[in-house]
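# Chains, contacts and geometry: an overview
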Amino acid sequence: MVDTEREPVLILMFGATGDLACRKLYPALFELYKKNHEFAVIGLARRQHTHESYRSMIDRTLDQNSEQRRDFLERFYYQPLDVGQPYHFALLKNIAEQIDTKYNLHGNRIFYLSLAPRFFGSAAENLKKAGITETQGWKRAVIEKPFGHDLASAKELNEQLLRVFDESEVYRIDHYLGKEMVQNIEALRFANPIFESIWDHRHIANVQITLSETLGVGDRASYYDQTGALLDMVQNHILQLLILTAMEPPSRFDTEDIRQEKVKVLKAIRTMSRDTIANELIRAQYKAGVMPDGTRITGYHNENNIDTDSKTETFVAARFFVDNYRWSGVPFYIRTGKRMAAKSTEIVIQFKDITQNPFFCQLHKAGPNLLVIHIQPDEGLSLKLNVKEFGEAGDTIPISMNFSNHHDSKSSTPDAYERLIGDCLRGDSTNFTRWDEVAYSWTLTDSIVAAWNDIPLDYYEAGTMGPSSSDELLARDGFCWWPLTKME
Ligand code: NAP
């Protein structure tokens, strides 16, 4: 890990007028500015802005009660630029040098590519041709997801980037890795011997990872219809959650050691073939239904900008196995979907039952021990235990011990983007994905795509937790999805 904490830097913000920049990146930069990170920003996009109109646009994205807005905004400059036009980059070189000198930024540069992925390669190439990446200081490129749409396209993109940047300079973002409770998985496991000593096939019956959304496709319809739930959610966020749950403790808490352990999990995940996939995976699409709040939802194929005969999946459930000693025979069930009954991301660890003890006959009434990691919208942990009912003669009842990151502390908890951009400013790439990690995740996803054409698309009513085939996937192993719980 390079410790460049608090070194000043010029941020070249591509896609400066886009949704992500306005909703997430400017507010995150503002929080970092308030924490004394020193930077100046050049906003880059095709549409016309003056520095002033650009600053006004950013101002509208910020908390209007904060005092330091004016100072912060003065550090923003705008340069109209089309990534396909090399001469725009020649102009950019000049303005970058002027701002560098004005703020004494020592040639340190972050290139934040908040652009549609098809522009990543040409942006990098034109930056290099114009000499903007040849700088006295350090340079880093932040690349938004999706990183390719299969292994071949990801490789091509990677090659384009590596012509300009070293692997250690590429920060591939998966914003899930910036979330509070995702970062807490490692602490929970490796700082608590009571968990780590039982974190294996001898004590864990199964792991369930749910990432459910109540929203539909909104204005991302045409993108989503080309992508689907597998590529949109499983290839990146869900695999990351699975990896963090399953990885071995790194020998040292250093970036490369941690990344090495993560890659090992990906390599150990059993790939699916045409022969096995029907038993391992469900793909489904929502049809019309009613959400829990009473809102009527039209079926996916009737949504605006979606083909009426679209076969794109809006839901995936799957059973993965991690073929190593620790996880031998333990199913990792995952599910994700749109227009589901609840918005929630959580990981449930179901522990094995004790087979012989005096309370055995009552355990079925009480249920197994569960550890639930609530990632969003709630942030916290629940541990479900069994105790004797207080005061009564004999029944064993379940109790839940909860830790919740309450609203008060939440307001001071950094957002995922603030955390990740902060890491990038400091030169810490631990929570960004290394190339081999991306490559293995695509190998796995490609194997699913190659095999799944033979399995029929299932359907589920909007406002439910998916099709009944998703429940059957677990029922065959004697398990069920645990209902999502809200924290107190
Ligand atoms: P967006 O709203 O469509 O914004 C795209 C930006 O790119 C705009 O500023 C646009 O400005 C600029 N642009 C388009 N064509 C350009 C060109 N030829 N040259 C220079 N600039 C160009 O997209 P977004 O939602 O912000 O997403 C940006 C990236 O983040 C994508 O890779 C996306 O997958 C990823 N991402 C987004 C979200 C999210 O919540 N939005 C979440 C995760 C990842 P002009 O039209 O003025 O050129």
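Description of the structure in this document. Values in this document were obtained by computation on a predicted structure and should not be read as measured data. (Residues numbered from 1 in each chain as written. Predicted model: local features only at pLDDT ≥ 70, side-chain atom pairs only at ≥ 80, totals over all residues. Heavy atoms only, no water.)

For the protein, the count of helices and strands is 16 helices and 17 strands. With the principal axes as the frame, the protein shows a C-alpha extent of 80 × 50 × 45 Å. With 488 residues in all, the protein has 57% of them scored as buried. Across the protein, the fraction of contacts at a sequence separation of at least 24, relative to all contacts at a separation of at least 6, is 77%. Carbon together with sulfur atoms contributes 50% to the accessible area of the protein, which is approximately 21800 Å² in total. The distance from the centre of the 55 positive side-chain charges to the centre of the 68 negative ones in the protein is 2 Å. (Helix = DSSP H or I, 4+ residues; strand = E, 2+ residues; numbered from the N terminus. Buried < 20%, exposed > 50% of the residue type's maximum accessible area, 1.4 Å probe, protein only. Contact = heavy atoms within 4.5 Å. Areas by Shrake-Rupley, 256 points an atom, 1.4 Å probe, with all protein chains shown as cover. Lys, Arg positive; Asp, Glu negative; His and termini not counted. Charge placed at Lys NZ, Arg CZ, Asp CG, Glu CD.)

This paragraph deals with helix α16 (residues 468-475). Within the sequence span of α16, burial applies to Ser469, Ser470, Leu473 and Leu474. The buried residues of α16 occupy one face: seen down the axis, they fall within an arc of 150 degrees. Buried residues belonging to α16 abut β7 (204-212), α11 (277-280), β8 (281-287), β11 (315-321), β12 (331-337) and β17 (458-461). (Arc of directions from axis to C-beta.)

Applying the stated criterion across every chain yields a total of three cavities of 30 Å³ or more. Volume-wise, the largest cavity comes out at about 200 Å³. Looking at the lining of the largest cavity, the elements with two or more residues in it are α9 (221-246) and α15 (435-451). Residue contributions to the lining of the largest cavity peak at five residues, all from α9. Classifying every residue of the lining of the largest cavity by side-chain character gives eight nonpolar, five polar and five charged. (1 Å grid on protein atoms, 1.4 Å probe; cavity = no way out; pocket = protein on both sides within 12 Å on 5 of 7 lines; lining within 4 Å. Points joined across faces, edges and corners; volume = space filled by probe spheres on them. Nonpolar A, V, L, I, M, F, W, Y, C, P; charged D, E, K, R; others polar.)

Lining the immediate environment of the ligand, one finds 21 residues, of which Thr17, Arg23, Arg46, Arg47 and Leu115 sit closest. At a separation of 3.0 Å, an oxygen atom of the ligand approaches a polar backbone atom of Gly18. Within the backbone of Leu115, an N or O atom sits 2.6 Å from an oxygen atom of the ligand. Protein burial of the ligand: of its 880 Å² of free accessible surface, 77% is covered by the chains. Across the shell around the ligand, the residue classes break down as 10 nonpolar, four polar and seven charged. (Near = heavy atom within 4 Å. Polar contact = N/O pair within 3.5 Å; in protein donor to acceptor, adjacent residues only side chain to side chain.)

Attention now goes to the packing of α9 against α15. Here α9 crosses α15 at 125 degrees, and the two axes come no closer than 11 Å. Looking at the two axes, α9 sits oblique to α15. With respect to the hand of their crossing, α9 and α15 are arranged in right-handed fashion. Contact residues: α9 offers Leu230, Leu231, Gln235, Leu239, Gln240 and Ile243, while α15 offers Glu437, Val438, Ser441, Trp442, Leu444, Thr445, Ile448 and Val449. (Axes fitted to C-alpha atoms, helices over the stretch in contact; angles between N-to-C directions. Parallel < 35°, antiparallel > 145°, perpendicular 65-115°, else oblique. Left-handed = near helix turned anticlockwise from the far one by under 90°.)

Moving on, we get to the side chain of Gln376. Examined against the element boundaries, Gln376 turns out to sit in strand β14 (residues 370-376). A relative accessible area of 18% means that Gln376 is categorised as buried. Here the side chain of Gln376 touches Tyr176 through a polar contact of 3.1 Å, side chain to side chain. Here Lys179 takes part through its side chain, which lies 2.7 Å from a polar atom of the side chain of Gln376. Once residues lying within four places of it in the same chain are set aside, the contact partners of Gln376 are Tyr176, Lys179, Lys343, Ser344 and Thr345.

Glancing now at the nonpolar core. Ranked by internal contacts, the top residues of the largest apolar core, which has 114 residues, are Phe14, Leu92, Leu242 and Phe320. Each of domain 1 (9-173) and domain 2 (177-414 + 432-475) gives at least three residues to this core. If we ignore the near neighbours within four places in the chain, the residues touching Leu92 are Leu12, Ile42, Leu44, Gln79, Leu81, Leu127 and Ile132. By size, the runner-up hydrophobic cluster in this structure holds 37 residues, among which are Leu20, Phe72, Trp138 and Cys424. (Core = buried A, V, L, I, M, F, W, Y, C linked by side-chain atoms within 4.5 Å. Domains from an automatic or database assignment.)

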